[in-house]
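Analysis of the macromolecular model
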Amino acid sequence: KREREVQNLYRQALQERDIAWWNTEIKSLLEQTRNKNLPNEERRMLKRSVSFLSLLFYMASNSTVNQNQLQQAIGYLHLYEQVDPENTEVYYLQARVAAKNKDASNSISLLLKAIDLGFTDNARVQNETGFSFLQNESAMQELLTKMSTNQQK
């Protein structure tokens, strides 16, 4: 019951709370998940809450990127990265935002970070229209090759 209440609070807070509140909340939540003095069941519930936030921020980020609401997307992606810094989708979506802003070097750098974390969806990158202006860049060709190599491992 408590877990559902927390999830509902977070869904509502996504619309109502500012970035400062979220920064504090995420920091507190992550600290609590590492608190060995809490009962195991409590820590597991908190870890599930972190996973819930990761999904919530993914959906909000992806939606706002797709709708070209880039400033809002940047805010959600900042939160997503705090909650789930090893998730390749964070950096893939950040690369899409950079590409929409025609920032080639940042877009390539973020794609590289996603690849280094395990992103291997070569077709997705090639089919993303936002990256089309990068297709002739040598760095982009190197990224596509690196993804293909990682896929084969």
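Residues numbered from 1 in each chain as written. Predicted model: local features only at pLDDT ≥ 70, side-chain atom pairs only at ≥ 80, totals over all residues. Heavy atoms only, no water.

In this structure, Thr 24 sits in helix 2 (residues 19-33). When its relative accessible area of 55% is taken as the criterion, Thr 24 is described as exposed. (Helix = DSSP H or I, 4+ residues; strand = E, 2+ residues; numbered from the N terminus. Buried < 20%, exposed > 50% of the residue type's maximum accessible area, 1.4 Å probe, protein only.)

Attention now goes to the pattern of salt bridges. Opposite charge on two side chains permits pairing when their charged atoms draw close. Throughout the structure, instances matching the rule amount to seven salt bridges. Arg 124 serves as the salt-bridge partner of Glu 89, at 2.6 Å between the closest nitrogen and oxygen. One end of the pair, Glu 89, is in helix 5 (residues 88-100); the other, Arg 124, is in helix 7 (residues 122-127), with 35 residues separating them in the sequence. The class for Arg 124 is partly exposed, based on a relative accessible area of 27%. Between Glu 128 and Arg 96 there is a salt bridge, and its shortest N-O distance comes to 3.1 Å. Taken together, the residues span a long stretch of sequence, with Glu 128 in the loop between helix 7 and helix 8 (138-152) and Arg 96 in helix 5 at a distance of 32 residues. As far as the burial class goes, Glu 128 and Arg 96 line up, both buried. Among the charged side chains, a network of salt bridges with common partners joins Glu 3, Glu 41, Arg 44 and Arg 48. (Salt bridge = Lys/Arg side-chain N within 4 Å of Asp/Glu carboxyl O.)

Bringing helix 5 into the picture now. When the terminal C-alpha atoms of helix 5 are compared, their 19 Å separation across 13 residues agrees well with the 18 Å that a helix rising 1.5 Å per residue should span. The element helix 5 is largely enclosed, with a buried count of twelve among its 13 residues. For helix 5, the set of buried residues is Thr 88, Glu 89, Val 90, Tyr 91, Tyr 92, Leu 93, Gln 94, Ala 95, Arg 96, Val 97, Ala 98 and Ala 99. Buried residues belonging to helix 5 abut helix 3 (40-66), helix 4 (70-83), helix 6 (104-116) and helix 7. Two or three places before Glu 89, at the opening of helix 5, Asn 87 has a side-chain oxygen 2.9 Å from that residue's backbone nitrogen. Positive phi appears at Lys 102, one or two residues downstream of helix 5, with a value of about 60°. (Expected span 1.5 Å × (residues − 1). Contact = heavy atoms within 4.5 Å. Polar contact = N/O pair within 3.5 Å; in protein donor to acceptor, adjacent residues only side chain to side chain.)

Although it is not a glycine, Asn 68 sits at a positive phi angle of roughly 60°. Position of Asn 68 relative to the elements: it lies in the loop between helix 3 and helix 4. Its identity as a non-glycine residue notwithstanding, Lys 102 has a phi of 60°, on the positive side. Residue placement: Lys 102 occurs in the loop between helix 5 and helix 6.

The next point concerns the packing of aromatic side chains. Tallying each qualifying case throughout the model produces six aromatic pairs. Judged by centre distance (4.9 Å) and plane angle (85°), the ring pair of Trp 21 and Trp 22 falls under edge-to-face. Aromatic side chains Tyr 92 and Phe 131 sit 5.9 Å apart centroid to centroid with 80° between the ring planes, which places their arrangement in the edge-to-face category. Placement of the pair is Tyr 92 in helix 5 and Phe 131 in the loop between helix 7 and helix 8, with a sequence separation of 39 residues. Given a relative accessible area of 2%, Tyr 92 falls into the buried group. Among the residues examined, Phe 131 registers a relative accessible area of 0% and is labelled buried. By the ring-pair criterion, three or more aromatic residues cluster together here, those being Tyr 10, Trp 21, Trp 22 and Phe 57. Between Arg 124 and the ring centre of Tyr 92, over which it is positioned, the NZ or CZ distance is 4.1 Å. (Phe/Tyr/Trp six-rings, centres within 6.5 Å; stacked < 30°, edge-to-face > 60°. Lys NZ or Arg CZ within 6 Å of the ring centre and 35° of its normal.)

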